[in-house]
Amino acid sequence: MSYSRIVDVYEALDSTTKRLEKTSILGDFFADIGEKNPKLLPVVTLLALGRVFPTGSEEELGIGTKLLMKAIAFVVGVKPEDVEDMQRDAGDIGQAAQNLFMKKKQSTLFSRSLTIEKVHSNLIKIANISGSKAQSKKLEILRELLSSASPTEAKYITRTVIEELRVGVGEGTIRDALAQAFDVDKGIVERAHMLTNDLGLVAEVSKEEGVQGLQKLTLLPGKPVKPMLAQLSPGISKSILEMGWALCETKYDGIRVQIHRLGNEINIFTRRLENISKAVPEIVEYIRKSLPSKNFIVEGEIIVTKDGKPISFQYILQRVRRKYDIERMRDEVPLKLYLFDVLYYDGPLIDVSFEKRREVLESIVTVSGDKIQLSRNVKVTPESLQDAEDLFNESIKAGHEGIMIKDPHAPYMPGIRGKKMLKFKAEPETLDLVIVGGSYGRGKRAHLIGSYLLAARDENNELKTLAYAATGLDDQTLLELSTLTEPLITSKIGRQVKIAPHIILEIAYSEIVKSPEYESGYSLRFPVVKRIRDDLSIDDIDTVERIDSMFKGPD
Ligand code: ATP
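Cut-offs used in this document
- Residues numbered from 1 in each chain as written.
- Predicted model: local features only at pLDDT ≥ 70, side-chain atom pairs only at ≥ 80, totals over all residues.
- Core = buried A, V, L, I, M, F, W, Y, C linked by C-beta atoms within 7 Å.
- Buried ≥ 20, exposed ≤ 12 C-beta atoms within 10 Å, placed from the backbone.
- Helix = DSSP H or I, 4+ residues; strand = E, 2+ residues; numbered from the N terminus.
- Domains from an automatic or database assignment.
- Contact = placed C-beta atoms within 7 Å.
- Pairing = 2+ DSSP bridges.
- Axes fitted to C-alpha atoms, helices over the stretch in contact; angles between N-to-C directions.
- UniProt positions renumbered as here; feature names shortened; annotations may be inferred.
- Expected span 1.5 Å × (residues − 1).
- Arc of directions from axis to C-beta.

Undergrad: What is the right way to look at the nonpolar core in this model?
TA: The nonpolar side chains of a soluble globular protein tend to be buried with one another. Phe30, Ile72, Leu146, Leu178, Cys248, Leu343 and Ile405 are the most contacted members of the largest nonpolar core, which has 118 residues in total. When residues of this core are assigned to their parent elements, the largest contribution, eight residues, is made by strand E7 (residues 335-345). When residues of this core are sorted by domain, at least three fall in each of domain 1 (3-161) and domain 2 (229-425). When neighbours within four sequence positions are excluded, Ile72 is seen to be in contact with Val83, Ala97, Leu100, Leu146 and Thr158. By size, the runner-up hydrophobic cluster in this structure holds 29 residues, among which are Val497, Ile541, Val544 and Ile547.

The structure is reproduced here in structure tokens:
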């Protein structure tokens, strides 16, 4: 099928901001593909999201902006710096590619017409290249692909390569469109997606087997699930009394991991469902030793300790981000795993109560040494509320974050932040916000972005500014942030810059206040940057709705 077919869909999606219209454009497209070329359905479902691989896949294209610019520059016959300049003017590299392709004499371009199959298979080929000269081999395929592209096709190939389609379509719209295309219930599509995290598969099953097939889809070890999230507890005793009785646990401050075993293979996913198995080989080893060799999915928190005390969360990010020097880092930044839940053991367990899941977890984990342990878990009844207070104090004293209060009757609810799992922390609540702009410093810090403009998400998934945060960064983090953000700058006027939304910061503050100055209608007093949240994706940032409810206080 011609690549221009999906490009027309991208353009149509881009031309409207209305979600219902987007849903219907995509619904028609999926229905058409389902009829004419069903094999292509999983592929176009992912491509419509700007992705080549399903969530949690270890495969990645491995093409940075520099390489992409080189490819574009070569095909249109300019210097990579010209592409960079055009990117600054145009706002993104895809638009820059389109502008440059339009300037180029048409005769030498798009000699052959591209098909969706060709674009897709070439992108897969690029991902499979490794070893020596990988970069130049990738560049060659990319050049070949781009040289057959029209200007608009070049825009979308470029955006697909950097996985940023910019047509305002998220997973929710894709799900609704699949429901519409194949006449299946939205809720059932959503559940199937929550459990498999594979929209391509959900599309295929919707088309081929309808509701009955979707209902049969369940958790599969190897395919990461969106984690169940916690709400803030208004008070330890109040929360426990509301639940009747509770299972309280130490809240460890590290990164959350979901560990899957399928056959002999063990995979470890972060909260944003990235596969980090290669970066943390010792965790794979501990798991192999401490759990039976059945298929399972367990969850836990990885932390770093020094002399028995947990140390800063940022150290863990150094580990999980890492692609090289893993063996050396193993000694320098030793990891420890606390397991706290089981979602699958010899079959799915998410519909089973937490009390029962914890029993299963305790029965399958053999704790030996201190590298892998079960989270500390205490049963607290209305008569023993003091035990929860004691656990909290003990947790803080040991350098952990606070406690989790879990409803023993609750099933595991993927992707839901509900009242069945609560957190109570010593430190006041923080917000996770994305950087969308900044301002260069003065004097000694004139070369660094010294303050960052931050945004939250509104109900339409649009970013709304909320505050500038300037303090809280030590020199090294300031430098690290500046290095991370510079390639993301899309425009610069005086000292002010706009930054493409990728980097998420955790922000502490003294108060949320109403403010007409920012798009969200709110602002933060004394915002302080606590840390870079590499473990979150833009879908995980705080929402204006949540800020609104925090401003108004608990119900
Ligand atoms: P925070 O920033 O407060 O850690 P978060 O936004 O990362 O929160 P929440 O769902 O709000 O995530 O808080 C729960 C998090 O606490 C989990 O995602 C997990 O990483 C961590 N955690 C630490 N110890 C436990 C535990 N014993 N049980 C469940 N989660 C735990």
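Undergrad: Whenever I open this one, the sheet that holds strand E2 (residues 246-251) confuses me. Can you help?
TA: To summarise the sheet geometry, strands pair through backbone hydrogen bonds and adopt either a parallel or an antiparallel arrangement. The sheet built from five strands is open, its strands ordered E1-E11-E10-E2-E9 with mixed pairing. With partners counted over all chains shown, the strands left at the sheet margins are strand E1 (229-232) and strand E9 (377-380), one partner each. Going across the sheet, the axis of each strand differs from the next one's by a mean of 35 degrees, ignoring polarity. Across four bridges, the pairing between E1 and strand E11 (residues 417-425) is parallel. The residue bridging Ala230 from the neighbouring strand is Gly418, located in E11. Packing against the sheet, helix H13 (residues 236-243) makes contact with E2, E9, strand E10 (402-406) and E11, and its axis sits at approximately 15 degrees to E10.

Undergrad: Mind showing me how you'd approach the UniProt feature "binding site: ATP" (unreviewed entry) in the protein here?
TA: Following the UniProt record, one finds the feature "binding site: ATP" (unreviewed entry) at Glu249, Arg256, Arg271, Glu301, Phe340, Arg417 and Lys423. One can find Glu249 in strand E2. Dropping the residues within four chain positions of it, Glu249 is found in contact with Phe340, Ser375, Arg376, Asn377, Ile403, Met404 and Lys406. By secondary structure assignment, the location of Lys423 is in strand E11. Classification of Lys423 as partly exposed rests on a count of 19 C-beta atoms within 10 Å. When neighbours within four sequence positions are excluded, Lys423 is seen to be in contact with Ala230, Leu232, Ser233, Lys251, Gly402 and Met404.

Undergrad: When you look at helix H1 (residues 3-14) in this model, what are you seeing that I'm missing?
TA: Helical periodicity: at 3.6 residues per turn, an α-helix aligns residues three or four positions apart in one direction. Taking 1.5 Å of rise per residue, the twelve residues of H1 would be expected to cover 16 Å, and the 17 Å separating its terminal C-alpha atoms lies within 8% of that figure. Taken together, the buried positions of H1 are Tyr3, Ile6, Val7, Val9, Tyr10 and Leu13. For H1, the angular spread of buried residues about the axis comes to 155 degrees, placing them on one side. On its buried face, H1 sits against helix H2 (19-36), helix H3 (41-48), helix H7 (116-128) and helix H9 (151-161).

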